[in-house]
Structures are given as structure tokens and as C-alpha cells.
Amino acid sequence: MKKMKVRKAVFPAAGLGTRFLPATKAQPKEMLPLVDKPIIQYGVEEAMASGCDQILIITGRGKQAIEDHFDVSYELERMLEDRKKLDLLKIVRSISDMIHVAYVRQKEALGLGHAVLMAREMVGNEPFAVLLADDVIDAKVPCLQQMVEVFDQKQCSVLATQVIEGKMISSYGVLDVKPVDSPFGDRLFEIKNMVEKPRPEDAPSNLAIIGRYILTPAIFDCLANTPTGAGGELQLTDGMRLLLQKEKMYAYVYEGRRHDTGDKLGFLKATVEFALKREDLGDPFREYLKGLQL
Ligand code: G1P
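These numbers come from a predicted model, not from an experiment.

Participant: Just checking my understanding: could you explain the pattern of salt bridges for this structure?
Facilitator: When charged atoms on two side chains of opposite charge get close, those side chains can pair. What the rule picks out here adds up to 25 salt bridges. Linking Asp134 and Lys29 is a salt bridge whose minimum nitrogen-to-oxygen distance equals 3.1 Å. Of the two residues, Asp134 is situated in the loop between β6 (128-131) and β7 (135-138) and Lys29 in the loop between β1 (8-12) and β2 (33-34); the sequence distance between them amounts to 105 residues. Taking the relative accessible area as the measure of exposure, Asp134 reaches 16% and is therefore buried. For Asp202, the salt bridge is made with Arg199, and the minimal N-O distance between the two is 3.0 Å.

Participant: Where do I start with the site of the ligand in this structure?
Facilitator: Around the ligand, the surrounding shell consists of Leu112, Leu132, Asp135, Tyr172, Gly173, Glu196, Lys197, Ile209, Gly211, Tyr213, Gln235 and Thr237. Between the ligand and the protein, one listed contact pairs an oxygen atom with a side-chain N or O atom of Glu196 at 2.7 Å. Protein coverage of the free-state accessible area of the ligand, which is 380 Å², stands at 75%. Using a 2 Å cut-off from the grid points, one finds that the ligand occupies the largest pocket. The biggest single contributor to the shell around the ligand is strand β11 (residues 207-215), with three residues. In terms of residue class, the shell around the ligand is built from five nonpolar, four polar and three charged.

Participant: Sorry, what's going on with the environment of Glu45 here?
Facilitator: Looking at the secondary structure, you find Glu45 in helix α1 (residues 39-49). A sequence separation of 51 residues divides Glu45 from Ser96, and the C-alpha atoms of the two residues are 12 Å apart. Here the side chain of Glu45 touches Lys37 through a polar contact of 2.8 Å, side chain to side chain.

Participant: What's the story with the packing of helix α10 (residues 264-277) against helix α11 (residues 282-290) in this structure? I'm lost.
Facilitator: A pair of packed helices can be characterised by two numbers: the angle between their axes and the separation between those axes. Contact geometry of α10 with α11 gives a least axis separation of 7 Å together with a crossing angle of 130°. When the axes of α10 and α11 are compared, the pair comes out oblique. Residues Val272, Ala275 and Leu276 of α10 form the contact with α11, whose own contacting residues are Gly282, Phe285, Arg286 and Leu289. A breakdown of the residues in the contact of α10 with α11 according to their chemical character gives five nonpolar, one polar and one charged.

Participant: Help me understand the side chain of Glu77, please; the structure alone is not making it clear to me.
Facilitator: Note that Glu77 resides in helix α3 (residues 74-82). A relative accessible area of 9% places Glu77 in the buried class. With residues up to four places along the chain from it excluded, the contact list for Glu77 reads Val72, Leu89, Val92, Arg93 and Ser96.

Participant: What is the right way to look at the layout of surface pockets in this model?
Facilitator: Think of a ball as big as a water molecule: rolled over the atoms, this probe shows where empty space is left. Taken as a whole, the largest pocket encloses approximately 1500 Å³ of empty space. Lining the largest pocket we find 48 residues, and of these Arg19, Lys29, Leu132, Asp134 and Lys197 sit closest to its centre. Among the elements of the structure, α5 (112-117), β11, α9 (236-246), β13 (257-260) and α10 are those that each provide at least two residues to the lining of the largest pocket. Class assignment of the residues belonging to the lining of the largest pocket gives a composition of 19 nonpolar, 15 polar and 14 charged. Size it by volume and the second largest pocket reaches roughly 330 Å³. Contributing to the lining of the second largest pocket are 15 residues, with Asp36, Lys37, Tyr42, Ile91 and Arg278 lying nearest its centre. Put simply, the parts of the chain that give the lining of the second largest pocket at least two residues each are β3 (37-38), α1, α4 (86-98) and α10. Across the lining of the second largest pocket, the residue classes break down as seven nonpolar, three polar and five charged.

Participant: Mind showing me how you'd approach the packing of aromatic side chains here?
Facilitator: Aromatic ring pairs are described here by two measures, namely the spacing of the ring centres and the angle between the planes. Tallied over the full model, the rule gives five aromatic pairs. Taken together, a centroid distance of 6.2 Å and an interplanar angle of 85° make the contact between Phe184 and Tyr252 edge-to-face. Note that Phe184 is positioned in the loop between β9 (173-179) and β10 (188-196) and Tyr252 in strand β12 (residues 249-253), a separation of 68 residues in sequence. We note that Phe184, like Tyr252, is buried.

Conventions adopted
- Residues numbered from 1 in each chain as written.
- Predicted model: local features only at pLDDT ≥ 70, side-chain atom pairs only at ≥ 80, totals over all residues.
- Heavy atoms only, no water.
- Salt bridge = Lys/Arg side-chain N within 4 Å of Asp/Glu carboxyl O.
- Helix = DSSP H or I, 4+ residues; strand = E, 2+ residues; numbered from the N terminus.
- Buried < 20%, exposed > 50% of the residue type's maximum accessible area, 1.4 Å probe, protein only.
- Near = heavy atom within 4 Å.
- Polar contact = N/O pair within 3.5 Å; in protein donor to acceptor, adjacent residues only side chain to side chain.
- Areas by Shrake-Rupley, 256 points an atom, 1.4 Å probe, with all protein chains shown as cover.
- 1 Å grid on protein atoms, 1.4 Å probe; cavity = no way out; pocket = protein on both sides within 12 Å on 5 of 7 lines; lining within 4 Å.
- Sits in = over half its atoms within 2 Å of the grid points.
- Nonpolar A, V, L, I, M, F, W, Y, C, P; charged D, E, K, R; others polar.
- Axes fitted to C-alpha atoms, helices over the stretch in contact; angles between N-to-C directions.
- Parallel < 35°, antiparallel > 145°, perpendicular 65-115°, else oblique.
- Contact = heavy atoms within 4.5 Å.
- Points joined across faces, edges and corners; volume = space filled by probe spheres on them.
- Phe/Tyr/Trp six-rings, centres within 6.5 Å; stacked < 30°, edge-to-face > 60°.

Okay, here's the thing in C-alpha cells:
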């Protein structure tokens, strides 16, 4: 059988961003900047670096700024050209030149599973990636690329996972897994079961699902048959549990550092770490931090 490639990346971005009010009252949370780049752009760049050449963003009301961001901004380009600000012009152009982005609107925020189901027509009958932009993963080899390598071998769905200690596990989809023999060593597991946001005492393990998925197109039928779950939403985790009855699925403990930028403290930490890594800002920012009386 011909090996399938992951070419399409889906970004659910219709959520209301209530965790970040009031900043997200009139602005999508995906557009909040980490240093000077909107959160969603980190994810789009990761998808491209991992071999995806088609980006699909699932948007909703109030998300226009995302579309404008990846579009050409004639007025801004003209102004920068006139003022000979060529460095900035290059940055601005590189975003719209980056890749073709398509949009589908999710009319109501009915859950992550519902958002992914909106991608059905555009994705068609091929494997695809789902990236939750809130989870920004800083890694030498992009997290999705690491997962693509697993997919290329296994030709099965692959979920990113990370150990989460303590009660915080209840904020995640949680996996029940068994070890597998593979060239990926102890990073790869076969998934036996999964549950969305269990109580800490009910969590089957401390392995949480992180916002990177490679899914086979069979997920769409599963999602279409998934009843409403936790929080009254159509949960992707519930759909994937149905998929598990039909196909093998794997969990991969990626190498990298994840920031939950949907959380205020996580956002602040990410901002500090990314700023410290910047060539132009790192040194003066480090000096500034050192001088704080903490
Ligand atoms: C979503 C998923 C959850 C996953 C998490 C990763 O939850 O439903 O299974 O563990 O993303 O960030 P959310 O953070 O949207 O509540």
C-alpha cells in the first residue's frame, strides 16, 4: 500500500478565550503576541517546518484579525516601502508569502471535536495534523516533525503526550497506554484508552494529551457519531476513543519544552523564556531581570 503523507494542518481557533479576558474581549487569543509574534504564527511555522503545505484555520466570530494577519497588508507594505523600512517590509511580506491559509467558520463553539469535524471537507481522505495554538512547543526538532516521523513508520494516528504530575492532570485528556517495541524507544506507546479531563483519582496515568495530533481521516466518521461529552461539548478525546476501536493509535512523548500560553502564568513564562532567547533582546532583558529585587 502506498505510504500516506501528512500535508494538511488544522488549527482550531474558534474558542472564546475566556481564560484571557479582558485581553480577548475584542481580540482573538491566538493573536496575543509572545514577544512580537502572535501565538498562532508559532504553530503555523511549526506545521510548515514539519512538512505541511496546507493550513486550515477553524475560526468563528471575532477572529478576523487572524485572517488579516496571514493576508497581504497593502497599506502597511506601501508605507514601509515609502519610508525605506526594508527590514520591516521583509518581515511583513514573509508572513503573507509564507503559505496558503484556508479558513472554515465554526458557527458555534461546540467543542474541539466539533471544530475538527468542520475540517472534514477540506481534509478529505488523508491523514492530517491538528495543532492547538495555545500549546507552544519549543523544540530543536519541531514537535510535529517528531510525530510525523512516527506516522511515516506506523501509518496510524499519533498523539503528543507529556507527563503531568498531580491534580493538574484533570485539565487534560489522559491516556492509558502500553509500551511498544520500536526504534523510538521508550518515547512511543500504544494507546489502550483515553478519557477527557478525569478526576485525579480516576486518571488512568499521568500521561496527558498535548495539543498536537496526527489523525487518520477515519476520525471524521467517529466524531460524527460522538455524543456530547465533558462540559457539554463534542470532545475530540471522545471521538478518538471511538477511533481506537477501529485502528491502532500511538502516543509519543515529544522532546521539547511546552508552554501553555492559554494560561496567564504560562503565557508570562513563555514570554520571558522567548525574550531571553532573542538575539536582539536577550542580553538587555537578562540584565533587567537580574536587577529586579525579587
Ligand atoms: C484540549 C483537549 C485535551 C488536551 C488539551 C491539551 O483541552 O480537550 O484533551 O489535553 O487540549 O492542551 P483544553 O485545553 O482545550 O481544555
